[in-house]
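The residues making up each chain are set out below.
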Amino acid sequence: MVSVQFLPDNITTQAEVGELILDVAERCGITISTGCMMGSCHACEVEIDDDPICACITAVPNGRSHLTINLYSDPTW
Ligand code: FES
């Protein structure tokens, strides 16, 4: 299991390796905006350790015990 912390609300949950970031967020009541659901529109973009990723196609990586995911609001969405 991986400890996943969502900022800025500081909500922490446990997730399985391979679980979609979008699903982990939804499970703890966090809504991430979505559009295409296939990695092209970037509506679901969040940052893991300052690297922007698309939550709809990115899974919890192997080999980490803790992830910090920063949700920021994109004014274009
Ligand atoms: S919803 Fe379009 S890239 Fe994730």
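This text goes with the structure placed above it.
(A) Molecular detail of the overall build of the chain. On a plain count of helices and strands, the chain comes out with one helix and five strands. Scanning the chain from its N terminus toward the C terminus, one meets helices and strands in the order β-β-α-β-β-β. Relative to the 2.2 N^0.38 estimate, which gives 11 Å for 77 residues, the radius of gyration of the chain is 11 Å and therefore close to what a compact globule would have. With the C-alpha coordinates aligned to their principal axes, the bounding extent of the chain is approximately 35 × 25 × 20 Å. Relative to its full complement of 77 residues, the chain shows a buried share of 19%.

(B) Seen up close, the nonpolar core. One finds V4, I21, L22, V24, A25, A55 and I69 to be the most contacted residues of the largest nonpolar core, which totals 15 residues. Where this core is concerned, the elements lending two or more residues are β1 (2–7) and α1 (21–27). A total of four residues in this core trace back to one element, the largest contributor, which is α1. When residues no more than four places from it in sequence are discounted, the contact partners of A25 are F6, I30, I32 and A55.

(C) Focus on unusual backbone geometry. Put simply, L7 and P8 share a cis peptide bond, and its omega is 10 degrees. Following the sequence through the fold, P8 ends up in the loop between β1 and β2 (11–15). Even without glycine at this site, H42 takes up a positive phi of about 65 degrees. Secondary-structure assignment places H42 in the loop between α1 and β3 (45–48).

About the criteria used
Residues numbered from 1 in each chain as written. Predicted model: local features only at pLDDT ≥ 70, side-chain atom pairs only at ≥ 80, totals over all residues. Helix = DSSP H or I, 4+ residues; strand = E, 2+ residues; numbered from the N terminus. Rg over C-alpha atoms; globule rule 2.2 N^0.38 Å. Buried ≥ 20, exposed ≤ 12 C-beta atoms within 10 Å, placed from the backbone. Core = buried A, V, L, I, M, F, W, Y, C linked by C-beta atoms within 7 Å. Contact = placed C-beta atoms within 7 Å.

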